[in-house]
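Notes for the structure review
Spelled out from the first residue to the last, the chains are:
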Amino acid sequence: DEALSGVAPNASVETCDIADFMHSKTWLLRLTGDAHHGDQLERAFHNAAPAAVSRDWRSHVYFQAPNLQRIPKDAYRLPGERYQMAEHHDPACCTGNQARLLPNYIHHMWMSFQGPSGLGLAATMYGPNRVSASVGPLGALRRVDIDVTTAYPFETGIHMVVRIRDGGSVDF
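I will try to describe carefully the structure that is included in this document.

The next subject is the side chain of Glu42. Relative to the elements of secondary structure, Glu42 occurs in helix α3 (residues 35-52). Side chain to side chain, Glu42 and Tyr105 meet in a polar contact 3.4 Å long. Excluding residues that lie within four positions of it along the chain, Glu42 makes contacts with Tyr105, Met125, Tyr126 and Tyr152.

Laid out in structure tokens, this is it:
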């Protein structure tokens, strides 16, 4: 939204826009393999998404405007309640989409790709997780288990333990 409307103290974005942006960036990352899309997706998830939902994920805002010093009573000729945390808003697009933020991020932390020696595995976004996947040449796939421990994005260290069943190497 900033690219279209500019950066201003009263600029706001809908919660559903964040979810839609993340969804679009996920598909661009999957189709192009360009890490820039994953970086933008992570930035939206770790910065814009948390500002839109309450800590217990039971309520959310319709609009968020991180640069506003106070919520205007009649912002953009819309009720000011749209800037307040609530269990649902009308229309319901933000209510439905805010529920997709966390699952979509987790679901796409790992992606497979066709590497030089068959199916490989790419860590596309970071966070603590565990993944099991089939990798290697078609017809001779083997299982890989990866445990990731990290406090990312609050710390930069990421520790991965990789176990390849039946040995061998993995395109990573």
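What follows continues from the structure just given.
Attention now moves to the sheet that holds strand β5 (residues 129-135). A sheet is described by the order of its strands in space; here three strands give the open sequence β5-β6-β7, paired in antiparallel fashion. Every interior strand has two partners, whereas the edge strands, β5 and β7 (158-164), have only one. Sheet twist, expressed as the mean angle between neighbouring strand axes with direction ignored, is 20°. Pairing of strand β6 (residues 142-150) with β7, which is carried by seven bridges, proceeds in the antiparallel orientation. Its bridge partner lying in β7, Val144 is registered against Ile164.

Taken as a whole and assessed by the stated rule, the structure comprises zero disulfides. Its sulfur unpaired, Cys16 is 3.5 Å from the next cysteine sulfur, which belongs to Cys93. Looking at Cys93, the relative accessible area reads 31%, which means it is partly exposed.

The subject of this paragraph is the pattern of salt bridges. Any two side chains of opposite charge can pair, given that their charged atoms come close. This model, assessed by the stated rule, comprises four salt bridges. Salt-bridge contacts for Asp56 lead to Arg58; the nearest nitrogen and oxygen are separated by 3.9 Å. You can call Asp56 partly exposed: its relative accessible area is 47%. Salt bridges here are not isolated pairs; linked through shared partners, they connect Arg130, Asp147 and Arg163.

Take the nonpolar core next. As a rule of thumb, soluble globular proteins bury nonpolar side chains together. By size, the foremost hydrophobic cluster in this structure holds 22 residues, and its most contacted members are Met22, Leu101, Tyr105, Trp110, Leu121 and Ile146. Listing elements by their share of this core, those giving two or more residues are α2 (15-32), α3, α5 (101-107), β5 and β6. Not counting chain neighbours up to four residues away, the residues in contact with Leu121 comprise Trp110, Met111, Ser112, Phe113, Val131, Ala133, Val135, Val144, Ile146, Asp171 and Phe172. Residues Tyr62, Phe63, Ala65 and Tyr83 belong to the second largest nonpolar core, which totals six residues.

Moving on: the packing of α2 against α3. Axis separation between α2 and α3 bottoms out at 9 Å; the angle between their running directions is 160°. The angle between α2 and α3 places the two elements in the roughly antiparallel class. Crossing hand, α2 versus α3: left-handed. Contact with α2, carried on its side by Thr15, Ile18, Phe21, Met22, Lys25, Thr26, Leu28, Leu29 and Thr32, involves Ala35, His37, Gly38, Gln40, Leu41, Ala44, Phe45, Ala48, Ala49 and Ala52 of α3 and no other residues of that element. Within the contact of α2 with α3, the residues separate by chemical class into twelve nonpolar, six polar and one charged.

Basis of the calculations
- Residues numbered from 1 in each chain as written.
- Predicted model: local features only at pLDDT ≥ 70, side-chain atom pairs only at ≥ 80, totals over all residues.
- Heavy atoms only, no water.
- Helix = DSSP H or I, 4+ residues; strand = E, 2+ residues; numbered from the N terminus.
- Polar contact = N/O pair within 3.5 Å; in protein donor to acceptor, adjacent residues only side chain to side chain.
- Contact = heavy atoms within 4.5 Å.
- Pairing = 2+ DSSP bridges.
- Axes fitted to C-alpha atoms, helices over the stretch in contact; angles between N-to-C directions.
- Disulfide = S-S within 2.5 Å.
- Buried < 20%, exposed > 50% of the residue type's maximum accessible area, 1.4 Å probe, protein only.
- Salt bridge = Lys/Arg side-chain N within 4 Å of Asp/Glu carboxyl O.
- Core = buried A, V, L, I, M, F, W, Y, C linked by side-chain atoms within 4.5 Å.
- Parallel < 35°, antiparallel > 145°, perpendicular 65-115°, else oblique.
- Left-handed = near helix turned anticlockwise from the far one by under 90°.
- Nonpolar A, V, L, I, M, F, W, Y, C, P; charged D, E, K, R; others polar.

What is shown is where atoms sit, not what they do.
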